[in-house]
Every structure is written in structure tokens, then in C-alpha cells.
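Read off the chains here:
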Amino acid sequence: MGAVVSNGDRRAAASAWARFLPFRGAHMDRGGDDLSRKSGVLAAILAAGLLAAACGGASAPQAASPPAKTTAAAPATSSGSAASASTFYHGKTVTFIVPAGAAGGFEAWALLIKPYLTKALGASAIDIVNYPGGGTLVGANRLYAAKPDGLTIGDINGAGDVFAAVRHQKGVTFDLAKFSIIGRPDAETHVLVSRAGTIASASQLIGMTKGKPVVALATGVGSPDYAAQVIMYNVFGIPYSVVADYRGTSTELPGLLRGDGVLTGAGYSAVRSLAAAGKVDILLQEATQPAPGLSSVPTVVAVGQQAHLSAAKQKVLNVMGGIMSLGKVFAAPPGVPAARLAVLRKAFATAVQDPGFVAAAKKEHRIVSYASGPALQATIQSALQSGSVVVQYSKAK
Amino acid sequence: MGTGAAFLQGAAALAAPVAAGLLLLGTLAGTVVGSIPGLGGAILLTVLLPFLYRIPVGPAIALIVAAHASIYFSGSITAILFNSPGAPESAATTFDGYAMTRRGEAGRALGISAVATTLGGWLGSLGLLALIPVMGALVLLLHPPEYLMLSILAVVIVGQLRARSLTKGVLSGLVGFLFAFVGYDPVTGIQRFDFNLLSLYNGFNIAVVALGLFAISEMVRLFAAGSGDQRSGEATLRGQAAKVRQGMEDVFHNGWLALRSSVVGFLAGLVPGVGGVVGNFLSYSLARVGSRRREQFGTGIPEGVIAPESSSLAKEAASYVPLLALGVPGTVGTAVILSALTILGVSAGPLLVQRHLPLVFEIVAVLLVTSALASAVGLLLAPFLARVATLPGPVIAPFVIAVGFLGAWAATRDMIQVLALVLFAAIGFAFMRYGYSVAASVVGFVLGSVLERNLYLTEKLFGWQMFARPITDLLALIVVAVLAVPPLMRWLRRRGDTGAGGPGGAAARGRGSPERPVAVSRGERVLDGVWVAASAWYVWTARGYPSAAGLVPTVVGGAVLAAAVVQFLGGFLPRLRSITHGTGIADPALGPAAAGETAGVVPATAAATAAPTAPATAAPTAAPTPAPTPAPSATWPSAHGAVPSARRSAAGFLVLAGFAATVWLLGFLVAIPALMLVYLGTLERRPWPLALGAAIAMEAFAYLLFVRALGIPLPPGLLLGG
């Protein structure tokens with residue numbers, strides 16, 4: 001990982017902008033008595049707008065709480081003891097970087113956990129900021145470059161970032177091993193799906209080692225779904241051609257349904273409804289362990305055993321399945337004071353075990369699968385180390 | 001459950017007091033926030049998402065769908081009053097809406113907009129209802145070659161709609177494509193044209209591009225034009241109310257046009273990713289082609305507002321089709337609605353219609369109710385809003401600039417993107433000054449990725465077989481026709497004139513006299529040179545990228561370079577100028593003012609189609625149309641008011657740059673009051689109490705709306721933030 005950004009200016013500037021501004025004295029416009037008639041109209045309209053907006057936001061947690069006043073406090077003095085760290089977040093606003101656009105899995109998890117994490121930290125608010133782009137690399141780069149005071153956290157893409165790292169993908173300016181890992185809430189299973197009426201099962205797929213290449217679809221060479229598909233087809237020796245020119249699932253799935261190709265990989269939640277309606281078939285889970293409620297679909301590891309692959313190839317599938325199961329990695333920039341990281345990890349654990357959180361996740365059909373910060377950090381380390389075995393299979397033909 | 005029962009259940013969900021209250025709240029929030037450029041759409045809706053956790057499904061749908069549907073009318077309000085579309089897709093409303101405001105008919109335009117939006121929303125909702133059984137198949141009808149052609153067609157049509165010449169129209173659209181290729185290429189993982197700035201990894205933000213090109217540039221022009229740009233109009237509320245009523249009646253007098261435009265918008269909206277952007281433009285352009293007053297489009301005529309506004313909500317209703325049918329959102333708004341449905345525990349997609357039919361009906365019902373409610377709220381405010389438009393232009397400028405910068409921050413949370421507003425304002429200013437189409441640039445920007453992705457997909461999946469597809473061929477043919485027919489018609493006309501002589505005025509159209517080359521100013525020659533240099537640099541840079549990432553930028557950049565060279569040569573070769581710098585047709589039909597102007601009188605397509613074939617009929621056809629302004633020109637200077645002096649323009653940009661630098665260094669909450677005080681107090685020499693009042697009001701606005709209500713922290717600035 002040679003391309004770690006150590007540009008101090010950029011980091012300082014980015015974090016300065018990302019933080020909350022202590023408000024310096026509230027100016028209330030009392031109607032503009034001394035304004036001229038015309039600008040009085042303007043002021044009245046603005047006031048009307050404000051009133052409506054204030055009403056709309058009155059019940060917002062962040063609106064009801066006082067604005068953070070002390071974010072600019074020097075962290076050095078308070079980072080030493082655990083006692084001061086436990087109260088560090090009280091009344092402060094935490095910035096949460098979502099490495100994808102509005103709407104979508106990464107924001108969904110952030111939104112889901114926001115009230116419970118806010119409560120567990122004692123923070124005044126969590127401010128969710130979207131930094132989409134580069135798959136999810138832009139947000140990860142941003143988080144990596146943020147000020148390590150513990151007030152900026154985010155949920156980065158475990159699988160995508162590990163693949164990006166082991167494949168030395170361009171655009172990576174972070175060192176995944178150095179993030180301060182907080183924990184993981186989820187286990188979104190990625191699945192390989194086919195258009196209904198083409199390939200019915202994994203058994204049929206692995207028998208297709210001869211004949212015309214199957215056409216697979218993916219959302220860009222940087223996406224984990226692309227990497228996982230290429231690895232699988234290479235390992236199973238299935239002739240394929242991959243069309244990786246879709247911008248996202250919202251263009252890729254219609255492409256699959258209208259016949260651009262026959263296979264694609266996606267998060268289970270994105271295809272659940274289509275599968276239930278019989279429009280796509282779920283062939284296998286790109287995981288080492290079957291997801292709860294999805295036991296009828298074999299994992300890629302099981303399919304590898306069924307196909308009597310060599311031990312080396314089965315290991316590749318194992319490592320790939322492990323990487324694909326990493327989930328949303330909640331993390332802070334490298335160098336967050338240990339005491340504060342401990343507070344973040346504890347609050348995170350409290351939040352994901354909150355009955356309210358569990359119920360809300362269940363309603364959204366999201367699978368909660370908590371992993372602690374240290375455990376997840378170890379998993380990521382080993383994925384980064386063993387990840388090299390997948391590299392030789394991750395080149396598209 | 002029977003369909004009828006499901007419908008009743010869906011409609012009944014709205015009758016509950018909580019649902020009705022939230023529908024009203026959503027409408028109000030959408031109306032307020034939608035009127036702030038950059039904030040509409042995704043931002044408001046994502047701010048609402050956290051509340052959905054605590055609300056049952058029925059009322060929650062009422063809240064979020066109402067907020068979504070009410071954004072569009074208030075986005076049109078700012079398009080009409082300040083040339084600042086709430087969302088890029090509302091830009092077509094600025095063409096005639098803002099021109100009406102400049103003529104003092106803001107109230108009328110708002111009245112038109114309110115009623116037309118409502119009618120479009122109703123028709124769109126009913127269309128959605130009708131399509132529920134066949135939704136899935138419709139979405140899959142179009143394939144990559146069609147998307148490719150649609151994105152080219154959209155850019156070509158919008159370019160020719162407003163630009164002063166063929167090449168200017170083409171360049172306007174293509175430059176939008178070029179800006180769209182900035183940043184990370186999702187397919188290859190390569191960063192392009194990003195100058196190693198983290199802020200540009202994801203390219204320029206659409207809110208920044210649209211705000212800079214439309215709103216901020218127009219504010220600089222208002223400042224530069226100074227008091228010479230005094231707006232006229234009824235200053236009394238009663239007068240404005242009468243105008244609003246007049247506007248509402250305008251729609252009913254043009255009922256057929258409204259109906260047609262709604263249908264066009266709806267059909268366009270069914271095409272995910274493309275239709276939402278181009279629907280309104282398409283309605284506008286078809287309305288113009290089909291109108292007998294087509295040469296007056298762009299000068300502020302009611303038809304020019306009715307067409308895009310009727311399409312505005314119809315296309316949004318249509319964008320629910322891919323969402324409900326397949327669970328794939330076609331627009332940013334529906335992407336957030338998808339999140340909302342997920343939060344509520346409802347999976348969008350085929351199962352939604354099978355298992356939650358009442359919910360689908362509820363969505364339709366909310367769209368129906370909100371279409372009218374948002375307009376009613378807007379209409380109540382319209383007379384007041386219209387009075388804002390009677391303020392002198394230079395006084396409005398600092399308010400819009402401040403709100404625009406705040407909106408850009410909210411949309412991006414990135415200071416480099418906010419500063420890029422100045423760049424796009426400069427481009428927009430130059431474009432307006434020299435008769436380019438900023439709307440085409442914005443459409444090109446939005447569709448750039450659609451073009452690129454579908455070009456690769458077409459190449460991989462179809463190759464030349466793409467031309468074996470009839471819809472593709474038809475679309476390609478239309479592209480060629482839009483570009484080639486106007487010059488061809490002109491050429492034929494010229495041949496006819498020189499050959500046959502003809503009766504009446506034909507003598508006056510003898511060799512050499514009808515089309516005299518327009519003069520080209522020094523500034524324009526400089527701009528033409530910049531085109532060549534910038535596009536050459538772009539192509540050179542793009543060639544350095546690996547082929548999959550560099551091919552499309554190279555091809556499009558090459559097209560820009562070719563057009564730019566022609567454009568540049570046009571500055572020196574008068575024979576080329578009819579396609580490069582517009583025509584100065586000495587046509588009596590277009591009025592003496594137009595004939596004398598250096599500017600092209602109407603956009604190229606209109607020039608050809610509108611020009612009478614027989615000169616003898618020219619005067620009669622033109623006579624019945626009452627010309628509200630002396631020159632029916634769609635482009636600056638005449639439709640856009642006085643030409644600002646170079647000195648004041650430079651001063652305007654200096655103020656803008658100073659404001660941007662202050663925001664960057666000292667933060668919004670210092671920069672905004674400073675702008676108000678310096679601008680109103682010192683530059684405009686308004687009374688100090690007024691400047692102070694404005695400073696306090698805007699400070700309160702920025703703090704209360706952004707920081708408190710929306711929860712968007714404002715950056716403290718590089719110096720104060722440490």
C-alpha cells in the first residue's frame with residue numbers, strides 16, 4: 001500500500017470543514033421594522049420559510065438539542081484517561097461518513113444505528129455525510145484522511161476495500177490495516193443470481209465448463225461483486241465474458257432482466273423481491289456460512305466441494321467467501337486515542353444490542369451479525385494477508 | 001384482495017388524521033426546501049428518512065411521497081423568479097418563465113406553473129395507475145443502443161433549442177458531457193481530470209454545475225447590468241393576484257397543449273435515468289415545433305411555461321413505474337423513496353404490487369392530492385413571491401448568491417465543490433453572453449454517464465447490430481434531422497431566392513443581401529480560441545488514460561475539438577458564420593430590431609422552420625402575433641435585458657470571488673453578512689439599516705434553516721477552523 005496520503009493540509013482542511021461550527025451568537029430577525037417596504041416583503045417570505053422549516057424540523061433530534069460548542073477543544077488534554085474519554089462525547093456532534101450516495105445500504109445502516117449510537121455515546125447528534133464515488137473508495141479515503149479525534153467515523157465497505165487493497169487498485173489512498181475498527185453490525189450476504197429460465201442451479205452452472213461463454217454482468221471492475229464473479233468463474237473453469245459497464249445495481253438488474261446477460265452478483269437484499277417473484281434464480285451464496293433464512297441456497301464453498309476442486313482452489317473460494325462476508329466496517333481514522341476508540345466500541349456494541357435497533361433491523365429485513373472491533377480488525381488483517389491467493393484468479397479473461 | 005378493495009384501502013389510509021397531517025407537513029416541507037436551489041430532491045428527503053422509523057407505513061408514505069411531489073412546483077418558483085431552477089430538470093421553465101418575470105409577468109407565470117403542474121401531476125398519477133399491470137415489461141423495452149441515442153438526442157435538441165448557432169448548440173451540450181467525465185470511472189477505477197483533488201474523485205456535483213451555470217451567473221449579470229436592468233411589473237398585491245389568475249386561465253385556454261405536454265413528460269419519465277432529466281425539455285421543444293408562435297418561444301409566452309410545467313410532475317409520477325415494478329429507481333428522488341420503503345419494511349419491486357397493492361394505490365393517491373395541494377400552497381404565496389420579482393435585479397443578487405452557496409455546501413459538504421460555483425458561473429456568464437445554451441450543458445452533464453455506459457454496453461452487446469434495431473434507427477434519424485435540416489432549409493431557400501426571383505419581397509432577398517455575416521467581437525474570438533485550446537488539452541489528457549477509461553472522453557473531446565475548430569474558423573471566414581455564429585437574416589417577419597441586431601434572431605431550428613417560405617406571406621403571418629418585446633430573440637442580449645459593461649461584469653466576478661474566498665477562509669456565517677453589508681451598503685448604496693437588516697436576516701436564515709432545522713453544520717472556514 002504505497003499510496004497512503006499524508007498530505008497534512010488536506011487532512012486538516014477536510015476535517016475542519018467536516019466539523020461543527022460553534023455558533024457565535026444567534027441573530028434573530030424580528031421582522032425587519034427598519035427595512036424598506038420592498039425588502040420587508042423579502043424578509044417576510046424568508047421568515048415564512050424559516051417558520052415552516054423550523055416546524056418541519058422541530059421534532060428532529062439534532063434540532064432539539066443545542067448545537068455543539070466544544071468540538072474545537074484540544075483533544076490532547078482529554079485523551080489520556082478513560083474517565084475523561086467516557087464523557088468526551090457528551091454534547092458533541094459526531095460526523096458519520098457514508099461512502100455512497102443518499103439511499104442505499106451504507107446510508108441505511110448508518111440511519112438505522114444513528115439514534116442508538118447517539119444515545120450510547122451521549123452525543124448531541126450524529127451528522128451523516130455522503131461521500132459517494134469510486135465504488136466506495138472516495139468515502140474510505142475521506143475517512144482515512146479525517147482528523148483522528150474520534151469525532152469522525154464511518155461505515156466502509158469491507159469486501160470492496162479488501163479487494164481494492166489486495167489488487168492494488170488505483171485510487172486507494174488508505175491503508176486498510178491502519179483504520180481504527182469499531183465493529184460490524186451486519187452480515188449482508190452477496191449472492192450469484194441468474195435470469196429466470198437460463199441457469200437454474202449451481203450444479204448446472206459448474207457443469208458448464210465447455211461450450212459458449214456465459215455472459216455475466218457487473219457494476220465496474222472495482223466492485224466486489226465483479227471481483228467475486230471473476231474469481232468464481234476462473235476457479236470453476238467456466239468460460240465467461242463479463243460486461244462490467246453498469247453504474248450500479250439500479251441499471252444492472254434491468255440489464256439482467258432484459259437479457260443483456262444471464263448472471264450477476266448482488267447483495268441479497270437487492271434481489272430478494274425479484275427472486276420471490278420468480279424473475280431471477282439465486283444460485284449460490286458468496287459466503288463461507290449460509291445466511292439465516294437462506295439455508296436452501298448452497299454457499300460457494302459447498303459448491304466447490306461438490307465440484308471436487310483442488311484444495312488450493314477450495315482455499316481461494318474460502319478466502320473469497322470470507323472477504324465477501326466482511327460487511328459494513330464501522331471505523332474511525334488511524335490514530336484515534338485508545339481510550340476514545342474503546343468508548344466508541346463499547347457504545348457501538350450497546351447500540352447494536354439495543355432491542356429497538358434489533359427490531360428496526362428486522363423490519364427492514366436486515367440481518368444483524370455483530371462483530372466486535374478487535375475481532376473484526378483481526379479478520380480484516382487475515383483477509384489482507386491471505387487475500388493474495390485470490391489475486392491470480394481475479395484477472396478477467 | 002380485489003383491486004377495488006385495495007384501492008379503497010389505499011385511499012382510506014390517507015383519511016386518517018395522522019396521515020393527512022403528515023401529508024400536509026410533507027407538502028409544506030417540500031415547498032419550502034424545494035425552493036432553495038441545491039436543496040431540493042435528495043437532501044430534503046434524506047433529512048426526512050430518520051423520522052420514518054417512528055411512523056407507521058401509511059402515514060409515512062404520505063409524508064415522504066408528498067414531500068417528493070411538492071418539490072417540483074416550488075423549484076419552478078425559483079426558476080421563474082430568479083432563473084434558478086430548483087433542480088436541473090426544471091431548467092426548461094426558466095426559458096419563458098424567467099423571461100415573463102423580466103417583463104413584469106411573474107405572477108402570471110406562477111399561476112400558469114401552479115395549474116399546469118397540478119394537471120400534469122394528475123394525469124401522471126392516473127397514468128401510473130393504468131400502467132400498474134404492465135409496468136415490468138415497459139421498463140425493459142429499451143436497450144443500451146436506445147439509451148445511447150436518447151442521451152445524444154436530448155443534448156442535441158436542447159442545444160439547438162436555445163443556442164444562437166448550430167455549432168454553439170452542439171458545443172454547449174458536448175461540454176456538459178466533458179464535465180461529466182471528470183472523476184472516478186466506476187467501470188475501470190481510473191480517476192480522470194481530477195487534478196489529484198480528493199474533492200473531484202466523484203466529479204463535479206450536479207447541484208454545483210446547475211447553480212453555477214444558471215443562478216449565480218445570472219446574478220452576476222444582474223449586478224453587472226446595474227440599475228439599467230430595472231424590472232417592471234405590478235407592485236401591488238392586488239395587481240399580482242389578478243396576474244396569477246390570468247396565468248391560471250392561460251392553462252385552460254391551452255388545455256390541449258397542457259394535455260399533450262403531460263403525456264410527453266409521462267412517457268419520457270418511464271425511461272429510467274434519462275426521462276426525468278429530459279422530459280420537460282422534450283415537452284417544451286415539441287410544444288414549440290407544434291406552435292404557430294414558435295418564434296416567440298423564449299421571449300416569455302405562456303405556452304413556453306405551460307409545456308414544461310405540465311410535464312414536470314407527470315414525469316415524476318412516471319418515474320415511480322420502474323421503482324414499483326422492478327425496485328430500481330430511475331431518479332434521485334425515487335432512490336430515496338426506495339430507501340424509505342425499505343425502512344418501512346416494504347420491499348419495492350414485483351412483490352410490492354402483488355403483496356402490498358393498497359400501498360401502491362396510496363402512493364398514487366398521495367401524488368394526486370399533493371399535485372393540487374402543493375400548487376394551492378404555492379398559489380397562496382404567489383402574489384407575495386411575484387412582488388419579490390419586482391425588486392431591482394441588483395438587490396436580489398446577493399440573496400440568491402448566498403443561498404446558492406449554502407445549497408451547494410449542503411449538497412456536497414465539500415469546499416472545493418462550493419468554490420467551483422465561481423468556475424461554472426463564469427462559464428454560464430460567457431455562454432449567456434455569446435449565445436450558447438447553459439441548459440444543454442446541464443443536460444449533457446447529467447446524461448454524460450448514461451452516454452458513456454451505454455456506449456460501452458452497446459459496443460459489447462450489439463456492435464454495429466445496433467442499427468438493426470428500428471427504435472435506434474429512428475432516434476438516430478431524428479438526431480441527424482435536428483442538426484441537418486435547418487442549415488439545409490436555409491441553403492435551399494438561398495438557392496430558391498437567387499434562382500427564381502419570385503414575387504414581392506424576393507427582390508430584397510437577392511444575392512448577398514438576405515444573409516449578411518454577423519459581426520464577431522473580439523471577446524467572442526477569444527472564447528472561440530479558448531474552446532480550441534481547452535478541448536485540445538482535454539483530448540490530449542484523455543488519450544493518456546487506459547482505453548476503457550479514455551475512449552469515450554477522447555471521442556467526445558475530439559468532437560468538441562472539431563466543432564471548436566469550425567467555430568474558431570467562423571470568426572475569420574464569414575461564409576461559415578451562418579452555422580458558427582448565427583445568422584443575421586434580414587427578414588421583415590422578424591422585425592426591424594432583429595434585423596439590425598448582431599445576434600441571431602432565433603435559435604437555429606426556429607430560424608429555419610419559422611422563416612416563411614414565400615416572403616410575400618411574411619408580413620401577414622407575423623402581424624397577428626402581438627410582439628410583447630421589440631425583438632423576439634431567445635438569447636441575450638435582448639431577452640436577457642441590457643448588455644452589462646465589461647467593467648461592471650469584471651467587478652461582479654470580483655465580488656463573487658471575494659465572497660467565495662471569504663466563505664473558504666472565514667466560513668459562511670462570516671461571509672454571508674459581510675456580503676450583504678458590502679454589496680448592499682457599499683456597492684449598491686442602499687441605506688445602511690437595510691443592509692444591516694438583510695445581513696441579520698440572511699444570517700438567521702442560514703443558521704436556522706441549515707444548521708438547526710436541516711442539521712447541516714456550516715464550515716467554520718480555514719482560518720477560524722484551525
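Residues numbered from 1 in each chain as written. Chains lettered and ligands numbered in written order. Predicted model: local features only at pLDDT ≥ 70, side-chain atom pairs only at ≥ 80, totals over all residues. Heavy atoms only, no water.

(A) Representation of the overall build of chain A within the structure. Along its length, chain A carries 18 helices and 11 strands. The proportion of buried residues among the 397 residues of chain A is 56%. Taking as baseline every contact in chain A between residues at least 6 positions apart, the subset at least 24 positions apart corresponds to 80%. (Helix = DSSP H or I, 4+ residues; strand = E, 2+ residues; numbered from the N terminus. Buried < 20%, exposed > 50% of the residue type's maximum accessible area, 1.4 Å probe, protein only. Contact = heavy atoms within 4.5 Å.)

(B) Spatial organisation of the overall build of chain B. Summing up its helical and strand segments, chain B has 32 helices and four strands in all. The buried share among the 722 residues of chain B stands at 66%. A separation threshold of at least 6 residues defines the contact pool for chain B, and within that pool the share at least 24 residues apart is 80%. Carbon and sulfur atoms make up 70% of the accessible area of chain B, which totals about 23,700 Å². (Areas by Shrake-Rupley, 256 points an atom, 1.4 Å probe, with all protein chains shown as cover.)

(C) Summary view of the packing of helix H19 (residues 393-412) of chain B against helix H31 (residues 688-709) of chain B. All names here are of chain B. For the pair H19 and H31, interaxial distance at closest approach is 11 Å and the crossing angle is 20°. With respect to H31, the element H19 is oriented roughly parallel. Viewed along their axes, H19 and H31 form a crossing whose handedness is right-handed. Contacts between H19 and H31 involve Phe399, Ala402, Val403, Leu406, Gly407 and Ala410 on the former and, on the latter, Ala694, Met698, Phe701, Ala702 and Phe706. Each residue belonging to the contact of H19 with H31 can be placed in one class, and the counts come to 10 nonpolar, one polar and no charged. (Axes fitted to C-alpha atoms, helices over the stretch in contact; angles between N-to-C directions. Parallel < 35°, antiparallel > 145°, perpendicular 65-115°, else oblique. Left-handed = near helix turned anticlockwise from the far one by under 90°. Nonpolar A, V, L, I, M, F, W, Y, C, P; charged D, E, K, R; others polar.)

(D) Focus on the pattern of salt bridges. Scanning all chains against the criterion turns up 20 salt bridges over all chains. Of the charged contacts in the structure, one is a salt bridge between A:Asp186 and A:Lys328, with a shortest N-O distance of 3.7 Å. Within this pair, whereas A:Asp186 is found in strand S4 (residues 180-186), its partner A:Lys328 is found in strand S10 (residues 328-332), the two being separated by 142 residues in sequence. For the residue pair A:Asp186 and A:Lys328, the accessibility class agrees, reading buried in each case. When the shortest N-O distance is used, the salt bridge between B:Arg108 and B:Asp250 registers 2.5 Å. Of the two residues, B:Arg108 is situated in helix H6 (residues 106-131) and B:Asp250 in helix H11 (residues 237-253); the sequence distance between them amounts to 142 residues. The same class applies to B:Arg108 and to B:Asp250, which are both buried. When salt bridges with common partners are traced through the structure, they connect B:Arg103, B:Glu105, B:Arg108 and B:Asp250 into a single cluster. (Salt bridge = Lys/Arg side-chain N within 4 Å of Asp/Glu carboxyl O.)

(E) Up close: the sheet that holds S4(A). Residues and elements named next belong to chain A. Spatial strand order, S2-S1-S3-S10-S4-S11: six strands in an open sheet with mixed pairing. Each of the sheet's edge strands pairs with one partner strand only, and the pair in question is strand S2 (125-130) and strand S11 (368-372). Ignoring strand direction, the axes of neighbouring strands in this sheet form an average angle of 25°. Relative to strand S3 (residues 152-157), strand S1 (residues 93-98) runs parallel, the two being bridged by three bridges. Looking at S3, one finds that Thr95 is bridged to Thr152. Where helix H6 (residues 105-121) meets the sheet, it contacts S1, S2, S3, S4, S10 and S11, and its direction lies at approximately 165° from that of S2. (Pairing = 2+ DSSP bridges.)

(F) Broad picture of the side chain of A:Asp127. Mapped onto the fold, A:Asp127 is located in strand S2. Taking the relative accessible area as the measure of exposure, A:Asp127 reaches 6% and is therefore buried. Leave out the neighbours within four places in its chain, and A:Asp127 touches A:Thr93, A:Val94, A:Thr95, A:Phe96, B:Arg413, B:Gly711 and B:Pro713.

(G) Representation of the sheet that holds strand S6 (residues 214-217) of chain A within the structure. All names here are of chain A. As summarised here, the arrangement of the five strands in space is S7-S6-S8-S5-S9, forming an open sheet in which the pairing is mixed. Of all the strands in the sheet, the pair left with one neighbour each is strand S7 (240-243) and strand S9 (280-285). On average, each strand axis in the sheet is inclined to that of its neighbour by 30°, with strand direction left out of account. In this structure, S6 lies alongside S7, joined through four bridges in parallel fashion. The residue bridging Val215 from the neighbouring strand is Ser241, located in S7. Here helix H10 (residues 224-236) sits on the sheet and contacts strand S5 (190-195), S6, S7, strand S8 (263-267) and S9; the angle it forms with S8, its principal contact strand, is near 135°. Those strands touched by helix H11 (residues 249-258) are S5, S6, S8 and S9, and its axis lies near 145° from that of S8.

(H) Quick look at helix H29 (residues 646-666) of chain B. Residues and elements named next belong to chain B. With 21 residues, H29 should cover 30 Å at 1.5 Å per step; its first-to-last C-alpha distance of 29 Å lies within 8% of that length. Those residues of H29 not exposed but buried are Ser649, Gly652, Phe653, Leu656, Phe659, Ala660 and Val663. The arc that holds the buried residues of H29, viewed along the axis, is 115°, so those residues lie on one side. Exposed residues on H29 whose side chains face more than 90 degrees from its buried face are Arg647 and Leu654. Contact partners of the buried residues in H29: helix H10 (206-225), H19, helix H20 (415-433) and helix H30 (668-683). Downstream of H29 by one or two residues, Gly667 has phi in the positive range, about 90°. (Expected span 1.5 Å × (residues − 1). Arc of directions from axis to C-beta.)

(I) Local environment of the packing of helix H4 (residues 57-82) of chain B against helix H18 (residues 357-388) of chain B. Packing of H4(B) against H18(B) brings their axes to within 8 Å, and their N-to-C directions diverge by 35°. H18(B) is crossed by H4(B), and the crossing has right-handed handedness.

(J) Up close: the packing of aromatic side chains. All names here are of chain B. Scanning the entire structure with this criterion turns up 30 aromatic pairs over all chains. Pairing Phe204 with Phe424 gives two aromatic rings, centres 5.0 Å apart and planes at 85°, and the pair type is edge-to-face. Of this pair, Phe204 sits in the loop between strand S2 (191-192) and H10 while Phe424 sits in helix H20, and the two are 220 residues apart along the sequence. Take Phe204: its relative accessible area is 14%, and that puts it in the buried class. In this structure Phe424 comes out as buried when scored by relative accessible area, which is 1%. Judged by centre distance (6.2 Å) and plane angle (20°), the ring pair of Trp464 and Phe467 falls under stacked. Looking at Trp464, the relative accessible area reads 75%, which means it is exposed. Here Phe467 falls in the partly exposed class, since its relative accessible area comes to 37%. An aromatic cluster of at least three residues, connected via ring pairs, comprises Phe193, Phe195, Trp537, Tyr538 and Tyr545. Across the ring face of Phe572, the terminal group of Arg525 is positioned such that the distance to the ring centre comes to 4.9 Å. (Phe/Tyr/Trp six-rings, centres within 6.5 Å; stacked < 30°, edge-to-face > 60°. Lys NZ or Arg CZ within 6 Å of the ring centre and 35° of its normal.)

(K) Summary view of the pairing of S4(A). Residues and elements named next belong to chain A. Across the seven residues of S4, seven count as buried, placing the element largely inside the fold. Across three bridges, the pairing between S4 and S10 is antiparallel. Bridging across to S10, Gly183 finds its partner in Phe330. Of the pairings in the sheet, the one linking S4 to S11 comprises three bridges and is antiparallel in character. Within the sheet, the bridge partner assigned to Gly183 lies in S11 and is Ser372.

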